[in-house]
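# Overview (structure and organization)
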Amino acid sequence: MKAYVYIWFRPDWTPFYVGIGKTPNRWNPKHAKDKDRNPLCMNILRKYGVENIHVQTFLGLDWGEACAKEQSLIAHFGRIEAGGVLANFTDGGEGVIAPSKEVTKRRSDRLLDENNPMRQSHISLNSDQYRDWE
């Protein structure tokens, strides 16, 4: 099975997430689930509504090409915690389907760190201002 890379954009076409997949519809924001995405990414989806998210896909890649493309796009746009615009927690290319408890804990600790610029985005997106979707 071929792999693909996708970019999710806010309604103003600002990218906010780059992903990789092999399974059908992983790129489709309508199929996003909390257990499969990081909290910041999910909050952005909820804030704007999945129907307002733009998607660009790069299809028909082998796995190595897809990993390299994902890493290249994340490096180009940059992660929020590194001064960029993406809600990605990693530099890409891992294709982790079920991260270990240790990896999940490290990601959580990194988001909760007071010095992490993503922390403010997380707090802002989780404020009552954006809770209309619940």
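Let me sum up the structure you'll find in this document. (Residues numbered from 1 in each chain as written. Predicted model: local features only at pLDDT ≥ 70, side-chain atom pairs only at ≥ 80, totals over all residues. Heavy atoms only, no water.)

### What to know about the environment of M42
Heads up, the rule is: Runs of H or I in DSSP of at least four residues are treated as helices and runs of E of at least two as strands, each being numbered from the N terminus. Buried means the residue's accessible area, taken with a 1.4 Å probe over protein chains only, is under 20% of the maximum for its type, while exposed means over 50%, and partly exposed covers the values in between. Note on contacts: a residue pair qualifies if any of its non-hydrogen atoms lie within 4.5 Å across the two residues.
Along the polypeptide, M42 turns up in helix α1 (residues 39-48). In this structure M42 comes out as buried when scored by relative accessible area, which is 6%. Residues M42 and A87, spaced 45 residues apart in sequence, show a C-alpha to C-alpha distance of 9.3 Å. Once residues within four sequence positions are removed from consideration, M42 is found in contact with A32, K33, D34 and R37.

### Quick look at the sheet that holds strand β3 (residues 54-61)
Heads up, the condition is: DSSP bridges decide pairing: two strands pair if at least two such bridges lie between them. Every axis in this analysis is a line fitted to C-alpha atoms, fitted for helices over the stretch in contact. Angles between the N-to-C directions lie between 0 and 180 degrees.
Strand order in the open sheet made by the three strands is β2-β1-β3, with antiparallel pairing throughout. In this open sheet, the two edge strands, each paired with only one partner strand, are β2 (15-21) and β3. If you compare each strand with its neighbour and ignore which way they point, the axes differ by 15° on average. Bridging between strand β1 (residues 3-9) and β3 involves six bridges; their strand directions are antiparallel. In the sheet register, W8 faces β3, and the bridge partner there is V55. Against the sheet, α1 contacts β1 and β2, and its axis sits at roughly 120° relative to β2.

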